[in-house]
Amino acid sequence: MDRLEGPPRLIVVADLDCTLVDHDDPENTDLLRFNALWEAHYRHDSLLIYCTGRSFSSYMSLRKKRPLLTPDIAVTSVGSEIVYSGDSTVSDVVWTARLDYKWNREIVVEETLKFPKLEPQPDKSQEEHKVSFFVEREDAVEIMKELPGILEERGVDVKLVYSNGYAFDVLPRGAGKQGALTYLLDKLDIEGNQPSNTLVCGDSGNDAELFNISQVYGVMVSNSHEELLQWHEENAKDNPKIFHASERCGAGIIEAIQRFNLGPSVSPRDVLDSENFHAESLNLAHEVVQFYLFYERWCCGEVEKSDKYLQNLKSLSSPLGIFVHPSGVEKPIHEWIDEMENLYGDRKEKKFRIWLDNVSSSHISSDTWLAKFDKHELSEGKVRSCSTKVLLSYKEEKQRLTWMHIHQSWLDESFSDDQEKWIF
Ligand code: GLC
Ligand code: MG
């Protein structure tokens, strides 16, 4: 949370499965729309929190399969773990220690064994502060009436959460998504960094609690489970800050940002302006996002093959500007732009997508800025990634940014044989 210098403008708290990640859409269309919006307009002054029922390792494996941005914080295992992103990830041990209060995993396991309808979830879904089962809805309703009292007699105070019409979690009383988010918001408050707005986003039973937190806006995506809609009907029907989107998953989140007027709500992916990258002068993040969207469309043959676009790219960059390719080859940026001609349409039918992550910019000198980000490229199911730095200069008289220098280096195991198929 230390990345920002002041209070966040917006905090988006998003559940993952069937909220930010649409499992019915292998192309990740709305997730990529959300990503472009976030990096272009929010990353620099807002916080992104993922809040999932998955364990941390299961969340990390989802990140390998889907183009998920790096969040500032990941709340995992239905609120029983909080992990901060940074150069390395750090788990919040204060939070974990709190969950020990009136909790005893062994007693929970022992007592739940007496309910034959509770079928334990696989070992990988069991955590120190989360005991999980599969159970039918009607049976869950009955068990929820009895189990807390039985455990209370043995000194254990629990919270029971039913989700997705099959999952049943037994958690320490203070855990859950609401507990974790309230803890994080209190921390910000103590530091004097209360956010201007917070938007919580969910689709199923374990998200219901998030909508209970006072002051937050909430969106239940269009594809929300009956259990969440019913909870809303019974508990929050008259709260004007909560609404049921008409769009699915990521599109529903963008819809909510617009509806509640929380800031820019047009994803750069929805704008087909391939020439005017300067619509917002001095928004470096927006400019780099636009640049790469154009590059994606060019490689997919989704814009017309016209020299005017390449000339436009040249006008954005200095004739003296150098691009250091991740392979180590250095050439003037304009020469690389000339090479783009051969790449036109080359990635058509290859499900080629680009997304930027962690875009940041810093002011280096009076008219010089440095943008940093990770660029990810997906082609035929394979992802390659580069850490990227772009030096830009701002000319007051032209009211625009000029790309002066670009430097990339491969991230992870992204180095590959067909390096010539990677330009920017
Ligand atoms: C995720 C977890 C599972 C949990 C469910 C509902 O699917 O893997 O253990 O029961 O979320 O919270
Ligand atoms: Mg979900």
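Figured I'd write up the structure that's included with this text. (Residues numbered from 1 in each chain as written. Chains lettered and ligands numbered in written order. Predicted model: local features only at pLDDT ≥ 70, side-chain atom pairs only at ≥ 80, totals over all residues. Heavy atoms only, no water.)

## Thoughts on the packing of aromatic side chains
Scanning the entire structure with this criterion turns up 22 aromatic pairs. Between the aromatic rings of F34 and W38, the centroid separation amounts to 5.9 Å while the plane-to-plane angle is 20 degrees, which identifies the pairing as stacked. Taken as a pair, F34 and W38 lie in helix α1 (residues 29-41) at a separation of 4 residues, close to a single helical turn. Since its relative accessible area comes to 1%, F34 is described here as buried. Residue W38 is classed as buried on the basis of its relative accessible area, which comes to 0%. (Phe/Tyr/Trp six-rings, centres within 6.5 Å; stacked < 30°, edge-to-face > 60°. Helix = DSSP H or I, 4+ residues; strand = E, 2+ residues; numbered from the N terminus. Buried < 20%, exposed > 50% of the residue type's maximum accessible area, 1.4 Å probe, protein only.)

## Some points on the site of ligand 1
Around ligand 1, the surrounding shell consists of G53, R54, V78, Q121, S125, K130, S132, S163, A167, D169 and N206. Here an oxygen atom of ligand 1 and a side-chain polar atom of Q121 are 2.6 Å apart. In the environment of ligand 1, an oxygen atom lies 2.6 Å from a nitrogen or oxygen atom belonging to the side chain of D169. The cavity where ligand 1 resides is the second largest pocket. Among the residues forming the shell around ligand 1, the class breakdown is 2 nonpolar, 6 polar and 3 charged. (Near = heavy atom within 4 Å. Polar contact = N/O pair within 3.5 Å; in protein donor to acceptor, adjacent residues only side chain to side chain. 1 Å grid on protein atoms, 1.4 Å probe; cavity = no way out; pocket = protein on both sides within 12 Å on 5 of 7 lines; lining within 4 Å. Sits in = over half its atoms within 2 Å of the grid points. Nonpolar A, V, L, I, M, F, W, Y, C, P; charged D, E, K, R; others polar.)

## As for empty space enclosed by the protein
For the structure on display, the rule yields 4 cavities of 30 Å³ or more. In this structure, the largest cavity occupies an estimated 90 Å³ of space. Contributing to the lining of the largest cavity are L32, N35, A36, E39, R269, V289, Y292, L293, I354, W355 and L356. For the lining of the largest cavity, the secondary structure elements donating two or more residues are α1, α9 (284-299) and β15 (353-365). Here the lining of the largest cavity takes 4 residues from α1, the largest share from any one element. (Points joined across faces, edges and corners; volume = space filled by probe spheres on them.)

## Examining the coordination of the magnesium ion (ligand 2)
Only D15 (OD), D17 (O) and D203 (OD) from the protein reach the magnesium ion (ligand 2) as donors, at distances of 2.1 to 2.2 Å. Site description for the magnesium ion (ligand 2): donor spacing in sequence, D-x1-D-x185-D. Highlighted residues: D15 in the loop between β1 (10-14) and α1 and D203 in the loop between β10 (197-202) and β11 (217-220), separated in sequence by 188 residues. Accessibility classification places D15 together with D203 in one group, the buried group. (Donors = N, O, S within 2.8 Å, 3.2 Å for Na, K, Ca; no water.)

## A word on the environment of L62
Tracing the chain through its elements places L62 in helix α2 (residues 56-65). A relative accessible area of 3% places L62 in the buried class. When sequence neighbours within four positions are dropped, the list of residues in contact with L62 reads L16, D17, V21, H23, R54 and L68. (Contact = heavy atoms within 4.5 Å.)

## Some remarks on the sheet that holds strand β8 (residues 158-163)
The strand order β6-β7-β9-β8 describes an open sheet built from 4 strands, whose pairing is antiparallel. Strands with a single pairing partner mark the edges of an open sheet, and in this sheet they are β6 (119-120) and β8. Where strand β7 (residues 131-134) and strand β9 (residues 167-172) come together, 4 bridges link them in antiparallel fashion. Each bridged residue has a counterpart across the sheet, and for F133 the counterpart in β9 is F168. (Pairing = 2+ DSSP bridges.)

## Notes on the pairing of β11
Across the two faces of β11 the burial is the same, with Y217 and V219 and G218 and M220 all buried. Pairing of β10 with β11 involves 4 bridges; the strand directions are parallel. Across the sheet, C201 pairs through a bridge with V219, a residue of β11. Relative to strand β12 (residues 242-244), β11 runs parallel, the two sharing 3 bridges. For M220, the partnering residue across the bridge sits in β12 and is H244. Taking the sense of rotation as the criterion, the β-α-β connection linking β11, helix α7 (residues 226-235) and β12 turns out right-handed. (Right-handed = clockwise from strand over helix to strand, strands pointing away.)

## A look at the layout of surface pockets
If you add up the space inside the second largest pocket, you get close to 620 Å³. In terms of lining, the second largest pocket is formed by 28 residues, of which the most central are D17, G53, R54, N164 and Y166. When contributions to the lining of the second largest pocket are tallied by element, the ones reaching two or more residues are α2, β7 and β9. Looking at the lining of the second largest pocket residue by residue, the class counts come to 6 nonpolar, 14 polar and 8 charged.

## Some points on the side chain of N193
Counting through the fold element by element, N193 comes out in the loop between α6 (176-190) and β10. When near neighbours in sequence (up to four residues on either side) are disregarded, N193 contacts G6, P7, P8 and L188.

## Regarding the nonpolar core
Soluble globular proteins tend to pack their nonpolar side chains together in the buried interior. Among the nonpolar cores identified, the biggest contains 40 residues, and Y292, Y295, L313, M340, L356, W403 and F424 are the most heavily contacted of them. Among the secondary structure elements, those contributing two or more residues to this core are α1, α9, α10 (307-316), α11 (333-343), β15, β16 (368-379), β17 (382-395) and β18 (400-410). A per-element tally of this core places α9 first, with 11 residues. Leaving out residues up to four positions away in the same chain, Y292 has contacts with I354, L356, F373, K375, T388, Q408 and F424. Ranked by size, the runner-up nonpolar core spans 34 residues in total, among them C51, Y84, L188 and L210. (Core = buried A, V, L, I, M, F, W, Y, C linked by side-chain atoms within 4.5 Å.)

## What about the pattern of salt bridges?
Applying the stated criterion to the full structure yields 30 salt bridges. For D338, the salt bridge goes to K314, with nearest N and O atoms at 2.6 Å. Taken together, the residues D338 in helix α11 and K314 in helix α10 connect sequence positions 24 residues apart. Owing to a relative accessible area of 43%, D338 belongs among the partly exposed residues under this scheme. The shortest N-O distance in the salt bridge between D346 and R347 comes to 3.3 Å. A residue is classified by how much of its surface remains accessible, and R347, at 6% relative accessible area, is buried. Through salt bridges with shared partners, a single network forms among D346, R347, K375, E377 and R384. (Salt bridge = Lys/Arg side-chain N within 4 Å of Asp/Glu carboxyl O.)

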